[in-house]
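Analysis of the macromolecular model
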Amino acid sequence: MLTVGLLVLQLFQSLLLHPAHVQADSKEGMFAKTINMSNSEWSISTTSERMADTIYVCAATCLLKKENEPCNAFSYTEESKICQTANISVLEDSTSEEAKEIYVNVNVMHNIDMRCRGGENCCLKERANFLCDKKEGDCNRDDECMHGLKCGENSCTQKYSLTGYLFDEEDDCCEPKCTQETPCATGEGICEDSSGCSNSTWVQCQLCSDKELFTEDLFPEMSLYTEEDKCCRRPCLPSHQCEYLSIGCNHREDCVTGLTCIIKGDKPTCLDLNECEDDPNICGSDVCINLVGSYRCIKEDEDRVPVIIGGYELHTDTFYPNAEVLGYNTTCTNTIPTFPRNFVGGRITYNMNYLYACGGVNLPHNPQTLGSCYKLNLREEDPDWESMPDMPHGRQAFVFLGNGYNLYALFGAWHDGAHTGGGHGASDRFDTLSNNWVTITDHNGYSLEEYETSEGCAVLDKVNNEAYVLGGYTPQKGLIIEAVRIDLKVPKYIHPREFSLPYAAAVLGCGLIRMADTNERLLIITGGESSGRPSCSNCHSYYMYFDKNRSWYSLASETTYIREMNVILKNDWQADIVGDRDTSYTGPYREYVYEWYDKTVVKSGYGIKRNSDRSRMIRDLVGVTAIPRSSKVIGEGCI
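Residues numbered from 1 in each chain as written. Predicted model: local features only at pLDDT ≥ 70, side-chain atom pairs only at ≥ 80, totals over all residues. Heavy atoms only, no water.

Together, Glu-380, Glu-381, Asp-382, Asp-384 and Glu-386 make up a region of like negative charge exposed at the surface. Looking at the secondary structure, you find Asp-382 in the loop between β24 (373–377) and β25 (386–388). With relative accessibility at 63%, the residue Asp-382 sits in the exposed group. (Patch = residues over 30% accessible without salt bridge, like charges linked within 9 Å, V, L, I, M, F, W, Y side chains within 5 Å. Areas by Shrake-Rupley, 256 points an atom, 1.4 Å probe, with all protein chains shown as cover. Salt bridge = Lys/Arg side-chain N within 4 Å of Asp/Glu carboxyl O. Lys, Arg positive; Asp, Glu negative; His and termini not counted. Charge placed at Lys NZ, Arg CZ, Asp CG, Glu CD. Helix = DSSP H or I, 4+ residues; strand = E, 2+ residues; numbered from the N terminus. Buried < 20%, exposed > 50% of the residue type's maximum accessible area, 1.4 Å probe, protein only.)

Quick look at the sheet that holds strand β40 (residues 509–514) now. An order of β40-β41-β42-β43 is seen for the four strands of this open sheet, with the pairing classed as antiparallel. Strand pairing shows two members of the sheet lacking a second neighbour, β40 and β43 (553–554), which therefore form its edges. Two strands pair when backbone bridges link them, and β40 and strand β41 (residues 521–526) are joined in this way by six bridges, in the antiparallel orientation. Each residue of the ladder has a partner; that of Gly-509, found in β41, is Thr-526. (Pairing = 2+ DSSP bridges.)

The next thing to look at is the side chain of Glu-275. Structurally, Glu-275 can be placed in helix α5 (residues 275–278). Buried within the structure, Glu-275 lacks any salt-bridge partner; Arg-252 is the closest side chain of opposite charge, at an N-O distance of 6.6 Å. Residues contacting Glu-275, with those up to four places away along its chain left out, are Gly-258, Ile-282, Asn-290, Gly-293, Ser-294 and Tyr-295. (Contact = heavy atoms within 4.5 Å.)

Before going further, it helps to spend a moment on the pattern of salt bridges. Scanning the model with the defined rule gives 20 salt bridges in all. Close ionic contact of Lys-159 with Glu-175 constitutes a salt bridge, the shortest N to O distance being 3.6 Å. One end of the pair, Lys-159, is in the loop between α4 (155–158) and β10 (174–176); the other, Glu-175, is in strand β10, and 16 residues separate them in sequence. With relative accessibility at 10%, the residue Glu-175 sits in the buried group. Notably, a salt bridge pairs Arg-521 with Asp-461, separated by 2.6 Å at the nearest N-O pair. Residue Arg-521 is found in strand β41, and its partner Asp-461 is found in strand β34 (residues 457–461); the two are separated by 60 residues along the sequence. Like Arg-521, the residue Asp-461 is buried in the burial classification. Where salt bridges share partners, they join Arg-141, Asp-143 and Glu-144 into one cluster.

What follows is about the environment of Lys-264. Mapping Lys-264 onto the fold places it in strand β13 (residues 259–264). When sequence neighbours within four positions are dropped, the list of residues in contact with Lys-264 reads Leu-245, Thr-269 and Leu-271.

Within the secondary structure layout, Arg-115 lies in strand β8 (residues 113–115). Between the alpha carbons of Arg-115 and Cys-132 there is a distance of 7.3 Å; along the sequence they are 17 residues apart. Excluding its chain neighbours within four sequence positions, the residues that come into contact with Arg-115 are Glu-41, Val-90, Leu-91, Glu-92, Asp-93, Cys-122 and Glu-136.

So, on to unusual backbone geometry. Going from Gly-137 to Asp-138, the amide bond is cis rather than trans, its omega being 20°. Among the secondary structure elements, Asp-138 is positioned in the loop between β8 and β9 (149–151). Of note, the bond from Gly-189 into Ile-190 is cis; its omega dihedral lies within 30 degrees of zero at 10°. Tracing the sequence through the fold places Ile-190 in the loop between β10 and β11 (204–207). Look at Lys-135: it is not a glycine, yet its phi comes out positive at around 70°. Tracing the sequence through the fold places Lys-135 in the loop between β8 and β9.

If you look at the biggest cluster of nonpolar residues, it comprises 31 residues, and the most contacted ones within it are Trp-42, Ile-88, Leu-91, Ile-102, Val-104 and Met-222. When residues of this core are traced back to their parent elements, those giving at least two are β7 (102–105) and β9. With residues up to four places along the chain from it excluded, the contact list for Ile-102 reads Ala-32, Lys-33, Thr-34, Met-37, Trp-42, Phe-74, Ser-75, Ile-88 and Leu-91. (Core = buried A, V, L, I, M, F, W, Y, C linked by side-chain atoms within 4.5 Å.)

This paragraph deals with a nonpolar patch on the surface. Taken together, the side chains of Met-352, Tyr-405 and Leu-433 make up a nonpolar region of the molecular surface, amounting to roughly 340 Å² of accessible area. Note that Tyr-405 resides in the loop between β26 (399–403) and β27 (406–410).

This part takes up the pairing of strand β23 (residues 354–358). Within β23, five of the five residues are buried, leaving the element largely enclosed by the surrounding structure. Judged by which residues are buried, β23 turns out to be covered on both faces: Tyr-354, Tyr-356 and Cys-358 on one side and Leu-355 and Ala-357 on the other are all buried. Here strand β22 (residues 347–351) folds back onto β23 in antiparallel fashion, the turn holding two residues, of which Met-352 has a positive phi close to 50°. Relative to β24, β23 runs antiparallel, the two sharing five bridges. In the strand pairing of β24, Cys-358 is matched with Cys-373.

Tallied over the entire structure, the rule returns 17 disulfides. Shown here is the disulfide that connects Cys-145 with Cys-174, its sulfur atoms set 2.0 Å apart. Residues Cys-145 and Cys-174 are joined through a disulfide that is left-handed, its torsion about the S-S bond being -80°. Residue Cys-145 is located in the loop between β8 and β9, and its partner Cys-174 is located in strand β10; the two are separated by 29 residues in the primary sequence. Overall, the relative accessible area of 0% leaves Cys-174 in the buried class. Paired through a disulfide, Cys-178 and Cys-184 show a sulfur-sulfur distance of 2.1 Å. Looking down the S-S bond of the Cys-178 and Cys-184 bridge, the torsion is -95°, so its handedness is left-handed. Among the residues examined, Cys-178 registers a relative accessible area of 3% and is labelled buried. (Disulfide = S-S within 2.5 Å.)

Structure representation (structure tokens):
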């Protein structure tokens, strides 16, 4: 700043003011004369104008201003005796034509900002209050700029198009330190946008003054920035921990409990911390299952893997009676024997060490429904399928559940082999102790003729010993949008219209699964066939809190528009979601396997490949369930 002189005043009120205003106190001031002020800026800052006999009287007027009319500078014109007082907040470089000669109180000068507009030596490292701000210069070194800025090169006119004042084409202005060429790390500034931050795809440029984003314990230098300055910040920090699959962590502490920071692709991502691998003995003799952000210890029988039996290839007229066991990223070896007959459209279920298979059709083109059933003892090394009593009613596309010592064959469809068929008006229960089937016809006074539902999906509520059949199709009503509750304690009782689904659909997938963090139970549904079968443009994925208000919420899912889904529970917290068939009915059918991670269905890399010579329909024509991983029929290393 250019200072042209000092004016020292020892002012006593009794000498300068009317006697009525005399006070015992005195004020002393020293003023520095400067031309670092333009006429336009001075006119904005001027607070009063009056006549004064001398410059000393004008200075005294400024010194003795009241608190509600502060004054830190004045100007005095000797010829006109005009005294102008002001409370200025900035000084600035000015050309000689624009310069206004003023006097500034040196006691408060350190609080007045200096706008450097091209003046030589205006940005003074030795006087921190005169360090240059953004778009100010001429600077010579980075340390002549305010915190977070650097001294650019010929940037005043070439980058910022600054003209007038004292600017010329070679002037260097201060500019943000964080640029695309010189990106900054988390906690550094100043940035103008995220392109000035390292790893700009996830590191963000945000206000340095936001104490929730930049906490004082982690970022003590934030106080050096102004309210408008922006600094780089990664999304995940110990003070703002990120959830599963969030990008932008740096350490394990940046992620919520149970997750760790791992490079996925080229991005640092909060991924699951596998407690079961970290401590193989964490569950003792029980089985440890790893969950997203947590883990659980379960009994050996509760740790299961999906199994698929049967199937038919439409294009080659080929049956597939063999079984496949789906492990993670592989098809596990197994010794499940070939099924005794073609298994098309039947259902399978696991219950108390046995794998049961019932029903189906003998031919898919002109089908006749079957009632024959078989069971397989999974505790044996090399078991064979054992015949068991036939169901009283041959059926396909039915609900098949095991609970306690009972099996339940609910609803379904029948065909007589003569191009006629319909829905079943009866359900059957099998008592494994007496080895007998019992037909259930009267459901709490409701005729099952109204609920001849086939192609519905079912969930088993073990807590309340109940079953729910969701959606499906009836000849009378078409597609069903309701859920039916069946009391398994007294299985003749049926409770229709228990709740509605988000959409009417058949062959949808459903499952009752617990949240990893809260243990709450969620009912999930996904896929299916809806209006205009076989397409399903509205068959998305949804969930509800099963033990709360039972409202449906949309589920983030990659299974949208996928038909004929199966939700296969591997335990209370994990499920595989298996489905197939595009909506065009052209070419080979496709299959998909997904994994359930709380409220997100994440597409998995299972190595289950289907092609034109082996492509099977998953819902109508294949039996799907889950069996214990410890079963004797499953090869070692199936994960």
